[in-house]
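Given next are the chains, with one letter for each unit.
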Amino acid sequence: MSFQAYLDNIETKTGLTPRQLVDLAHERGFDETSKATPIIEWLAADHGLGRGHAMALVHVITKGPQISTKHVGTDGVHRDETDTLWLDGKDSNPNRT
């Protein structure tokens, strides 16, 4: 599954865009200095997310939307279209195919 697909699935599960969840995380005091465990626990308790989906959001909360170019443009199952994740809703993603 691509990194973007994780974020799209999070939106489907929670009804919130990744950006909305990042904003909520920042309101709770989570930022680039936060450890993963408290963020994962919050996402599980308040939004019902499992570890894999939560870790995708941990990356965005702590590191922003930039990802490694390792799988960008490849044809594997982990491929992403771009090295910048779309946070504003899967239906408005200009890179969605």
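Structure shown above.
Everything numeric here is computed off the predicted structure, so don't read it as measured data.

Examining the pattern of salt bridges
Part 1: Across all of its chains, the model carries 2 salt bridges by this definition.
Part 2: Among the ionic pairs, Arg19 bridges to Asp88, the shortest N-O distance being 2.4 Å. In this pair, Arg19 is assigned in helix 2 (residues 18-27) and Asp88 in the segment after helix 4 (51-63), connecting sequence segments 69 residues apart.

As for the packing of aromatic side chains
Part 1: Scanning the entire structure with this criterion turns up 1 aromatic pair.
Part 2: Ring centres of Phe30 and Trp42 lie 5.7 Å apart, and the angle between their planes is 40 degrees; this geometry places the pair in the tilted category. Remark: Trp42 occurs in helix 3 (residues 36-47) and Phe30 occurs in the loop between helix 2 and helix 3; sequence separation between them is 12 residues.
Part 3: A relative accessible area of 13% means that Phe30 is categorised as buried.
Part 4: Judged by relative accessible area, which is 5%, Trp42 ranks as buried.

Some thoughts on the layout of surface pockets
To find leftover empty space, one rolls a probe the size of a water molecule over the atoms.
Part 1: What the largest pocket holds in volume is close to 290 Å³.
Part 2: Partitioning the lining of the largest pocket into residue classes produces 2 nonpolar, 7 polar and 5 charged.

The rules we used
Residues numbered from 1 in each chain as written. Predicted model: local features only at pLDDT ≥ 70, side-chain atom pairs only at ≥ 80, totals over all residues. Heavy atoms only, no water. Salt bridge = Lys/Arg side-chain N within 4 Å of Asp/Glu carboxyl O. Helix = DSSP H or I, 4+ residues; strand = E, 2+ residues; numbered from the N terminus. Phe/Tyr/Trp six-rings, centres within 6.5 Å; stacked < 30°, edge-to-face > 60°. Buried < 20%, exposed > 50% of the residue type's maximum accessible area, 1.4 Å probe, protein only. 1 Å grid on protein atoms, 1.4 Å probe; cavity = no way out; pocket = protein on both sides within 12 Å on 5 of 7 lines; lining within 4 Å. Points joined across faces, edges and corners; volume = space filled by probe spheres on them. Nonpolar A, V, L, I, M, F, W, Y, C, P; charged D, E, K, R; others polar.

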